[in-house]
Amino acid sequence: GRITATGEIVALDPTANDGRETVAGVLIEAVVTAATERKRSVIVSRHALVFGGSLVLPTTLTSEQTTAALAQLTALGIVVRQPPQVTAHVESVL
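The rules behind the values
- Residues numbered from 1 in each chain as written.
- Predicted model: local features only at pLDDT ≥ 70, side-chain atom pairs only at ≥ 80, totals over all residues.
- Heavy atoms only, no water.
- Helix = DSSP H or I, 4+ residues; strand = E, 2+ residues; numbered from the N terminus.
- Buried < 20%, exposed > 50% of the residue type's maximum accessible area, 1.4 Å probe, protein only.
- Contact = heavy atoms within 4.5 Å.
- Polar contact = N/O pair within 3.5 Å; in protein donor to acceptor, adjacent residues only side chain to side chain.

Asks: I would appreciate a short explanation of the environment of Ile 43 in the present structure.
Replies: Residue placement: Ile 43 occurs in strand E2 (residues 43-44). Take Ile 43: its relative accessible area is 24%, and that puts it in the partly exposed class. As a C-alpha pair, Ile 43 and Gly 25 span 18 residues in sequence and 6.1 Å in three-dimensional space.

As structure tokens, then:
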């Protein structure tokens, strides 16, 4: 998601109400940082084809939230081929 107040790109959190609840794109590589650290990276935010098996979604997403996140990617023009696998990492879908 993208925090509305700051424009900062962060992990997807469908329970938030500050912009993190809406998909902003797909992170190209995993980024692990401390809470106070900021790291630059690249995201795909529109018009792309991605392999769903490589997407990493939060393990806390329900099936309805996963469907909504994939629909939001589609709305951005990001086509997901093959459904994603849910794992413990949350860095990929933003």
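Continuing now.
Asks: Any chance you could explain the environment of Val 31 here in plain terms?
Replies: Tracing the chain through its elements places Val 31 in the loop between strand E1 (26-27) and E2. Assessed through its relative accessible area of 17%, Val 31 is described here as buried. Between the C-alpha atoms of Val 31 and Ser 41, which are 10 residues apart in sequence, the distance is 7.7 Å.

Asks: I'm lost on the environment of Gln 72 in this one. Help?
Replies: Take Gln 72: it is sitting in helix H1 (residues 63-75). Residues Gln 72 and Val 23 lie 49 residues apart in sequence; the distance between their C-alpha atoms is 6.0 Å. Those residues in contact with Gln 72, other than ones at most four positions away along the chain, are Glu 21, Thr 22 and Val 23. Polar contacts involving the side chain of Gln 72 include one to the main-chain amide nitrogen of Val 23, which spans 2.6 Å.

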